[in-house]
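Each chain is listed here by its residues.
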Amino acid sequence: MKPVLLITGGSAGIGAACARIAATQGYDLALNYRSDTSAAEAVAADCRAAGAKVVLCQGDVADPGAIAAVYAKIDTEFGRVDALINNAGVVDQTAKLTDMDHARLRRMFDINVIGAMLVAKKAVVRMQAQGDGGVIVNISSAAARLGSGNQYLDYAASKAAIDCFTKGLSDEVAADNIRVMALRPGLIETEIHAKGGEPGRADRLAHMVPMKRKGSAEEVARPIIWLLSDDASYVTGSTLDVTGGR
Ligand code: NAP
């Protein structure tokens, strides 16, 4: 039986790259996304062509009811979950704290932090009940270290929360043979920058990266899939920077 991997935000960018690689490495896939069904279907088609069973699970991770529905579908279609890439996340427009209102801060933390925690919680409950371990990779950001002042410190703070959550959860579930890691991408070419109102952001800031270039979604996905694998069997509680040195 193939291991079942849930990827939140699996319809685009880093999540989609993870899905395509995981499908070639023997995983079956539950792909969550929020709104772009045609993009999710295109990723699913590629993964099915690589031999994976793929179930699309639309749902906003900021909505606890939607998270419950995602897991209800996984329970019906697969009956288990072995691995989670906790990847769905958003940025917002460039702004200083003095220009951020309560609604913006709520949205950022509802999606990037509380959503990720609730998704992880439901995975852990299943992994513990299954009794044969599991793996969770939470997608953080270099912003958690850099602070992102004058850009989007709300996003950076949400990702710092993910780093802390990762360490705490890894301690709670290590005895259940559930490994929990965070991975911090740097400047990666995906649509997230355009969604935050700055389509050229990765190119504009590439000169600040020691390697002097942006990264690709695939360059982030490969270490994520490695963390999921038995090659990383003694890794837990760790946070891996995939940033070109930034
Ligand atoms: P992306 O290209 O914008 O893709 C985001 C994915 O998440 C899409 O599948 C999107 O689905 C989904 N999503 C967004 N909000 C969601 C929600 N509330 N509920 C469920 N799904 C949701 O972004 P990306 O660059 O691949 O980012 C993936 C992760 O990497 C994020 O956590 C991000 O913070 C992190 N990261 C990215 C970079 C970078 O430079 N790209 C750097 C550091 C960290 P829909 O399109 O259907 O809404």
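Residues numbered from 1 in each chain as written. Predicted model: local features only at pLDDT ≥ 70, side-chain atom pairs only at ≥ 80, totals over all residues. Heavy atoms only, no water.

Draft legend 1. Main features of the pattern of salt bridges. All told, the structure shown has 17 salt bridges when counted by the stated rule. Between E198 and R204 there is a salt bridge, with its nearest N and O atoms 2.3 Å apart. A network of salt bridges, in which partner residues are shared, links D92, R104, R107 and D154. (Salt bridge = Lys/Arg side-chain N within 4 Å of Asp/Glu carboxyl O.)

Draft legend 2. Layout of the pairing of strand β3 (residues 54-58). A large share of β3 lies buried, amounting to four of its five residues. Both strand β2 (residues 28-33) and β3 contribute to a ladder of five bridges, which runs parallel. Each bridged residue has a counterpart across the sheet, and for L31 the counterpart in β3 is L56. Where the polypeptide runs from β2 across helix α2 (residues 37-49) and back to β3, its parallel neighbour, the crossover connection is right-handed. (Buried < 20%, exposed > 50% of the residue type's maximum accessible area, 1.4 Å probe, protein only. Helix = DSSP H or I, 4+ residues; strand = E, 2+ residues; numbered from the N terminus. Pairing = 2+ DSSP bridges. Right-handed = clockwise from strand over helix to strand, strands pointing away.)

Draft legend 3. Seen up close, the state of the cysteines. Tallying each qualifying case throughout the model produces zero disulfides. Summary of cysteine pairing: C57 is not part of a disulfide, and the nearest cysteine sulfur, belonging to C47, is at 13 Å. Under the relative-accessibility criterion, C57 is labelled buried at 1%. (Disulfide = S-S within 2.5 Å.)

Draft legend 4. Fine view of the packing of helix α1 (residues 13-24) against helix α9 (residues 217-228). It is at 8 Å that the axes of α1 and α9 come closest, and there the two elements cross at 55°. Classed by the angle they form, the pair α1 and α9 counts as oblique. At the point where α1 passes α9, the crossing takes the right-handed sense. Each of G13, I14, A17, C18, I21 and A22 in α1 lies in contact with α9, whose residues at this interface are A217, E218, V220, A221, R222, I224 and I225. In terms of residue class, the contact of α1 with α9 is made up of ten nonpolar, one polar and two charged. (Axes fitted to C-alpha atoms, helices over the stretch in contact; angles between N-to-C directions. Parallel < 35°, antiparallel > 145°, perpendicular 65-115°, else oblique. Left-handed = near helix turned anticlockwise from the far one by under 90°. Contact = heavy atoms within 4.5 Å. Nonpolar A, V, L, I, M, F, W, Y, C, P; charged D, E, K, R; others polar.)

The values reported here are purely geometric and, on their own, carry no functional implication.
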